[in-house]
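Next come the chains, spelled out residue by residue.
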Amino acid sequence: MAVCEVCGNDYDMSFEVHAQGAVHTFDSFQCAIQAMAPICEHCGQKIIGHGVEANRRWFCCAHCARQEGATAIVDRVMAGTSA
């Protein structure tokens with residue numbers, strides 16, 4: 001059993017995440033996200049999907065990136081429409 005570094009739960013099904021030379025222990029994905037997910041620089045939400053990077057800054061979506069001045073980011077382009 002290992003103790004979750006976020007909530008302190010001593011859980012027999014805890015798991016480790018190895019990232020950037022460090023080892024983190026969590027009891028759930030919720031705690032892992034809370035501790036490790038980057039934060040959107042526009043809306044402040046945790047980025048739990050791919051997110052987008054613009055000018056070395058991270059955003060949860062193209063809309064947030066555009067709100068912060070990125071011009072080349074689009075969510076997707078459907079046939080017959082323009083970005």
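Within any chain, residue numbers begin from 1 and follow the written order of that chain's sequence. Where local features are concerned, this predicted model is filtered to residues with pLDDT of at least 70; where side-chain atom pairs are given and counted, the filter is 80 or more; whole-chain, interface and lining totals use all residues. Neither water nor hydrogens contribute to the side-chain values; these are computed over all heavy atoms in the structure.

An unreviewed UniProt entry lists the protein under the name Prokaryotic metallothionein, with Nonomuraea roseola as the source organism.

A. Quick peek at the environment of Met13. Strands are runs of DSSP state E lasting at least two residues, helices are runs of H or I lasting at least four, and both sets are numbered from the N terminus onward. Within the secondary structure, Met13 sits in the loop between β2 (10-11) and β3 (15-19). The exposure class of Met13 is exposed, given its relative accessible area of 58%. Measuring from C-alpha to C-alpha, the distance between Met13 and Phe26 comes to 9.1 Å, with 13 residues separating the pair along the chain. Here the term buried applies to any residue with accessible area under 20% of the maximum for its type, exposed to any over 50%, and partly exposed to those in between, with areas from a 1.4 Å probe on protein chains only.

B. Layout of the nonpolar core. By size, the foremost hydrophobic cluster in this structure holds 10 residues: Cys40, Ile47, Val52, Ala54, Phe59, Ala62, Cys64, Ala65, Ala70 and Ile73. Among the elements of the structure, β5 (52-54) and α2 (62-67) are those that each provide at least two residues to this core. Top contributing element to this core by residue count: α2, with three residues. Any two residues having at least one pair of non-hydrogen atoms within 4.5 Å are treated as being in contact. Residues within four places of Ile73 in sequence aside, it is in contact with Val52, Glu53, Ala54, Ala62, Ala65 and Arg66. Joining through side-chain atoms within 4.5 Å is the link that ties buried Ala, Val, Leu, Ile, Met, Phe, Trp, Tyr and Cys residues into a set, and such a set is a nonpolar core.

C. Summary view of the packing of aromatic side chains. Classification of ring pairs uses Phe, Tyr and Trp, with its six-membered ring standing for Trp, and accepts pairs whose centres are within 6.5 Å; under 30 degrees between planes counts as stacked, over 60 as edge-to-face, and the remaining range as tilted. What the rule picks out here adds up to two aromatic pairs. Look at Phe15 and Phe26: their rings are 6.2 Å apart centre to centre, the planes differ by 50 degrees, and that puts the pair in the tilted class. With Phe15 in strand β3 and Phe26 in strand β4 (residues 22-26), the pair connects residues that are 11 residues apart, well separated along the chain. Looking at Phe15, the relative accessible area reads 24%, which means it is partly exposed. Aromatic pair Phe15 and Phe29: ring centres 5.3 Å apart, planes at 40 degrees, arrangement tilted. Taken together, the residues Phe15 in strand β3 and Phe29 in helix α1 (residues 29-36) connect sequence positions 14 residues apart. The exposed category is assigned to Phe29, whose relative accessible area is 65%. Ring pairs connect the aromatic residues Phe15, Phe26 and Phe29, which therefore count as one cluster.

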